[in-house]
Amino acid sequence: MVKELTKAEEQVMLILWDMGEALVKDVIEKMNEPKPAYNTVSTVIRVLETKGFVDHKAIGNTYIYFPIVKETDYKRFALDKVMNNYFENSYESLVSFLVKEKSLTNEELNEIIQLAEKLKKDK
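Rules behind the numbers
Residues numbered from 1 in each chain as written. Predicted model: local features only at pLDDT ≥ 70, side-chain atom pairs only at ≥ 80, totals over all residues. Heavy atoms only, no water. Axes fitted to C-alpha atoms, helices over the stretch in contact; angles between N-to-C directions. Helix = DSSP H or I, 4+ residues; strand = E, 2+ residues; numbered from the N terminus. Parallel < 35°, antiparallel > 145°, perpendicular 65-115°, else oblique. Contact = heavy atoms within 4.5 Å. Nonpolar A, V, L, I, M, F, W, Y, C, P; charged D, E, K, R; others polar. 1 Å grid on protein atoms, 1.4 Å probe; cavity = no way out; pocket = protein on both sides within 12 Å on 5 of 7 lines; lining within 4 Å. Points joined across faces, edges and corners; volume = space filled by probe spheres on them. Phe/Tyr/Trp six-rings, centres within 6.5 Å; stacked < 30°, edge-to-face > 60°. Buried < 20%, exposed > 50% of the residue type's maximum accessible area, 1.4 Å probe, protein only.

This paragraph deals with the packing of helix H1 (residues 7-19) against helix H3 (residues 38-50). Relative to each other, H1 and H3 sit at 90°, their axes nearing to 10 Å. Taken together, H1 and H3 sit at an angle that is classed as roughly perpendicular. Where H1 abuts H3, its residues Ala8, Glu9, Val12 and Met13 lie against Val44, Ile45, Val47 and Leu48. Of the residues belonging to the contact of H1 with H3, the class tally is seven nonpolar, no polar and one charged.

For the rest of this paragraph, the subject is the layout of surface pockets. Of the voids in this model, the second largest pocket is the one considered here, and its volume is about 180 Å³. Lining the second largest pocket, in full, are Glu4, Leu5, Glu10, Leu14, Trp17, Glu71, Tyr74, Lys75, Phe77, Ala78, Lys81 and Val82. Broken down by element, the residue count for the lining of the second largest pocket peaks at seven residues, all from helix H4 (residues 71-86). A per-class count over the lining of the second largest pocket returns seven nonpolar, no polar and five charged.

This paragraph deals with the packing of aromatic side chains. We describe a pair of aromatic rings using the distance from one ring centre to the other and the angle between the two ring planes. On inspection of all chains with the given rule, the structure shows five aromatic pairs. When the ring of Trp17 is compared with that of Tyr74, the centres are 6.1 Å apart and the planes differ by 35°; the resulting orientation is tilted. Remark: Tyr74 occurs in helix H4 and Trp17 occurs in helix H1; sequence separation between them is 57 residues. Of the residues examined, Trp17 reaches a relative accessible area of 14% and is grouped as buried.

This is how it looks when you write it as structure tokens:
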């Protein structure tokens, strides 16, 4: 089962999902300034390993880390959490919120409706 990530863990996972695999130094290079310390990122990655999100392969004494939880699986988990906590599991409430708060154009709203209809058919 997918578990919730902290902001730091999520930031590292987004980089790993994007890169496919990376050394700790590669992850740090992709981070915004001010860059965290090597040990900080290394600790976050080890925590991600214990949570079952990341694994590694050793080449000599160098570890190459890679995601074992798919980005789509985590997105689904995160969306389900938001839907449950903020929208009472109602996609209608979510779309209504987006229309009101994000000033969606008619074209964007039609795209959402078409996507929702397609997803219903595919189920």
